[in-house]
Amino acid sequence: MMAVAAVRLRGSEAFFIGSQIQRCQMKIMGMILPSLLSSNHSNSISSSSSSSSSSSRYKHKNDDASSSFRNIDVALASFNQMLHRKPLPCIIQFNQLLSAIVKMRQYYDAVISLSKQMELAGLSPNTCTLNILINCFCQLQHVDLGFSVLAKGIKLGLQPTIVTFTTLINGLGKVGKFAQAVELFDGMVARGCQPDDYTYTTIINGLCKIGETALAAGLFKKMEEAGCQLNVVTYSTLIHSLCKYRRVNEALDIFSYMKAKDISPTIFTYTSLIQGLCNFSRWKEASTLLNEMTSLNIMPNIVTFNVLVDTFCKEGKVLEAEGVLKTMTEMGVEPDVVTYNSLMYGYSMWTEVVEARKLFDVMITKGCKPDVFSYSILINGYCKAKRIDEAKQLFNEMIHQGSTPNNVSYNTLIHGLCQLGRLREAQDLYKNMHTNGNLPNLYTYAILLNGFCKQGYLGKALRLFRAMQSTYLKPNLVMYNILVNAMCKSGNLKDARELFSELFVNGLQPNVQIYTTIINGLCKEGLLDEALEAFRNMEDDGCPPDEFSYNVIIRGFLQHKDESRAVHLIGEMRDRGFIADAGTTAW
């Protein structure tokens, strides 16, 4: 592998000596692309695409000799032999060799370096070379450099093909730049470069990943109108996304249309739909699909079964989930850690921690190693059942078994300790988080603040709050509400007011809950004018009072014998469609 090391030492930057890297992707899309795809160029792109289709398709088809490479050193030796031939082989042969290396899926940087050697040897790249290099940079998640290759190619007079743009669109998707991918796609279409089925599928997949299912569905229709071949991947991608974003009826329509076109669904298609239906408790339809799937000899896999187990458990239907577990084992599908975790979660929801523990032990017996989520679920079960010492024991067992606790594990146990008033142990665990490199998150602080406040340790709570403010974390409304509520209950209205005012200084918009908390505190102290002013400010701050807010302030006025204003507020409350509670009407 010495040859690989030598190639890598030259680095991927070598290709760009003398080129203008600063011409980043947005400049390409904003300046080069419009001129390139103008009416004067559209024909040349089309002809270039067809003429180079045999050598520059997405997988870079190559001859038998180059595709037979399985070892990078053999490929590099062959490259060196070719480079020293007189005369040099044509660029097509070099492209075939580079494509063979790309197929090895790990030597993209080597391909970039080899292309520089080709350039230094006097070989002029063609569009296929361009596509290979762009693909390599996109695979390395350096899509900006891929655009720079495109810019350099255009300067050399090369005409990019639909393959070029699809590769860049795919590269943008890999780094999560879906908006830019859509922009590039729209630019292509607007200027006469007709996408093919792979381009459409790539952009539809990208849109689905960011939840733009309506746009994806629109493109799907355009794809069909353009005469592109809609395959099962395209259909399944859209169906999966529609189900994920709870548009299951639309997904079912696409599914029916797909079958009408004689396109056979896959296990992925069925699993997506089954999950979508289960999310809406449409068990009968999910069962029908499951039966249809098996009748077509498409056997449910572990993912399908896990979807069913997980959904049943979240619905509290643990017995049904057990039935699925029995069915899957009878069909020879062994449960995995996800299956067991879902079942343990189901039992823990109903505080059946003994059953959850049995499953945990069965999982280990079956050779299925618990992960950090397995431990966290069971720890939560013990905490809910107030069996905190067993939760602590399991936490220590997890560390002993080599699983590193995460924030969920720590927060679950800290919460359990706080619930039982064991604040010293909770604090020790909080310090242990720091020691072991787990940075507390906002939920950790909220748990501790609530624990301190409930036990009356307001000073400790405020010190922790101020300590958190000095970190990278900034307090949220939940934390302010915990402190303001505790201060109001203890009669410390001065500090409660200061904290409430601090919200605006820190750019936080108070919500109904914290407004109602401070209004309640003001009413208890008899500061009715100030309470009413805060109540009216709610509307001005874009957070209109709810039914609970009205009941709180009305009760405050009634308790302090201010019936006239209370009656006025009751009328206002009814006009808004709210109902006074028993405590309010009793006055």
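Predicted, not measured: the structure shown is a model, and the values here were computed from it. (Residues numbered from 1 in each chain as written. Predicted model: local features only at pLDDT ≥ 70, side-chain atom pairs only at ≥ 80, totals over all residues. Heavy atoms only, no water.)

This part covers the overall build of the protein chain. Each helix and strand counted, the protein chain has 34 helices and zero strands in total. By residue count, 49% of the 587 residues in the protein chain fall in the buried class. Considering only contacts within the protein chain whose residues lie at least 6 apart along the sequence, 64% involve residues at least 24 apart. Accessible area for the protein chain stands at about 28200 Å²; split by element, carbon and sulfur atoms hold 53% of it. (Helix = DSSP H or I, 4+ residues; strand = E, 2+ residues; numbered from the N terminus. Buried < 20%, exposed > 50% of the residue type's maximum accessible area, 1.4 Å probe, protein only. Contact = heavy atoms within 4.5 Å. Areas by Shrake-Rupley, 256 points an atom, 1.4 Å probe, with all protein chains shown as cover.)

What follows covers the environment of Gly381. Relative to the helices and strands, Gly381 is located in helix 22 (residues 372-384). With residues up to four places along the chain from it excluded, the contact list for Gly381 reads Ser348 and Val353.

Turning to a positive patch on the surface, a few remarks are in order. On the surface, Arg424, Lys431, Lys460 and Arg463 cluster together to form a positively charged patch. Contributions of two or more residues to the positive patch are made by helix 25 (423-435) and helix 27 (458-469). Looking at where Lys431 falls in the secondary structure, it is placed in helix 25. (Patch = residues over 30% accessible without salt bridge, like charges linked within 9 Å, V, L, I, M, F, W, Y side chains within 5 Å. Salt bridge = Lys/Arg side-chain N within 4 Å of Asp/Glu carboxyl O. Lys, Arg positive; Asp, Glu negative; His and termini not counted. Charge placed at Lys NZ, Arg CZ, Asp CG, Glu CD.)

Before going further, it helps to examine the packing of aromatic side chains. One pass over the full model with this rule turns up 13 aromatic pairs. With a centroid separation of 5.9 Å and an interplanar angle of 70°, the aromatic rings of Tyr430 and Tyr445 are classed as edge-to-face. With Tyr430 in helix 25 and Tyr445 in helix 26 (residues 442-454), this residue pair connects regions lying 15 residues apart in the sequence. On the basis of relative accessible area, Tyr445 is assigned to the buried category, the value being 4%. Summarising the aromatic geometry, the rings of Phe500 and Phe504 are spaced 5.7 Å apart at their centres and angled 75° between planes, so their arrangement reads as edge-to-face. Here Phe500 and its partner Phe504 are both found in helix 29 (residues 493-505), four residues apart, which amounts to about one turn of the helix. (Phe/Tyr/Trp six-rings, centres within 6.5 Å; stacked < 30°, edge-to-face > 60°.)

This part takes up the nonpolar core. Counting 175 residues, the largest nonpolar core has Leu413, Ile414, Ile519, Ile553 and Ile554 as the members making the most contacts within it. For this core, the element with the most residues is helix 28 (residues 477-489), which contributes nine residues. (Core = buried A, V, L, I, M, F, W, Y, C linked by side-chain atoms within 4.5 Å.)

This brings us to the pattern of salt bridges. Applying the stated criterion across every chain yields a total of 20 salt bridges. One salt bridge in this structure joins Glu119 and Lys152, with 3.0 Å as the shortest N-O distance. Here Glu119 is found in helix 7 (residues 108-120), whereas its partner Lys152 is found in helix 9 (residues 143-155), with 33 residues between them in sequence. Looking at Glu119, the relative accessible area reads 29%, which means it is partly exposed.

The end-to-end C-alpha distance of helix 18 (residues 302-314), which contains 13 residues, comes to 18 Å, matching closely the 18 Å that a straight helix rising 1.5 Å per residue would cover. Looking only at helix 18, the buried set comprises Thr304, Phe305, Asn306, Val307, Leu308, Val309, Thr311, Phe312 and Cys313. At its buried positions, helix 18 is contacted by helix 16 (267-279), helix 17 (283-295), helix 19 (318-330) and helix 20 (337-349). Looking at where helix 18 begins, the residue whose side-chain oxygen comes 3.1 Å from the main-chain nitrogen of Val303 is Asn301. Among the residues trailing helix 18, Gly316 stands out with phi positive, at a value near 80°. (Expected span 1.5 Å × (residues − 1). Polar contact = N/O pair within 3.5 Å; in protein donor to acceptor, adjacent residues only side chain to side chain.)

Now for the side chain of Thr129. Following the sequence through the fold, Thr129 ends up in helix 8 (residues 127-139). Ignoring any residue separated from it by four or fewer positions in sequence, one finds Thr129 in contact with Ile91, Asn95 and Met118.

Below, the discussion takes up unusual backbone geometry. Leaving glycine out, the prevailing phi sign among residues is negative, and the prevailing peptide bond configuration is trans. Of the consecutive residues Lys86 and Pro87, the connecting peptide bond is found in the cis state with omega at -5°. Positive phi values are uncommon outside glycine, yet Arg105 reaches one of about 65°. According to the relative accessible area criterion, Arg105 is exposed, its value standing at 66%. Despite not being glycine, Lys386 has its phi angle at roughly 60°, a positive value. Along the chain, Lys386 turns up in the loop between helix 22 and helix 23 (388-400). With relative accessibility at 59%, the residue Lys386 sits in the exposed group.

Spanning 13 residues, helix 16 covers 18 Å between terminal C-alpha atoms, matching the ideal 18 Å at 1.5 Å per step. Buried within helix 16 are the following residues: Thr269, Tyr270, Thr271, Ser272, Leu273, Ile274, Gly276, Leu277 and Cys278. Tucked into the core, helix 16 has its buried residues touching helix 14 (232-244), helix 15 (248-260), helix 17 and helix 18. Following helix 16 by one or two positions, Ser281 has its phi on the positive side, about 60°.

Another point: the packing of helix 20 against helix 21 (residues 353-365). Taken N-terminus to C-terminus, the directions of helix 20 and helix 21 make an angle of 165°; their axes are 8 Å apart at the nearest point. Here helix 20 is positioned roughly antiparallel relative to helix 21, judged by the angle of their axes. Between helix 20 and helix 21 lies a crossing of left-handed hand. Residues Val337, Tyr340, Leu343, Met344, Tyr347 and Ser348 of helix 20 lie in contact with helix 21, whose contacting residues are Glu355, Ala356, Leu359, Phe360, Val362 and Met363. Of the residues in the contact of helix 20 with helix 21, the class split is 10 nonpolar, one polar and one charged. (Axes fitted to C-alpha atoms, helices over the stretch in contact; angles between N-to-C directions. Parallel < 35°, antiparallel > 145°, perpendicular 65-115°, else oblique. Left-handed = near helix turned anticlockwise from the far one by under 90°. Nonpolar A, V, L, I, M, F, W, Y, C, P; charged D, E, K, R; others polar.)

Once that is clear, we can look at the side chain of Thr164. Within the secondary structure layout, Thr164 lies in helix 10 (residues 162-174). On the basis of relative accessible area, Thr164 is assigned to the buried category, the value being 1%. Among the polar contacts made by the side chain of Thr164, one reaches the main-chain amide nitrogen of Thr161 at a distance of 2.9 Å.

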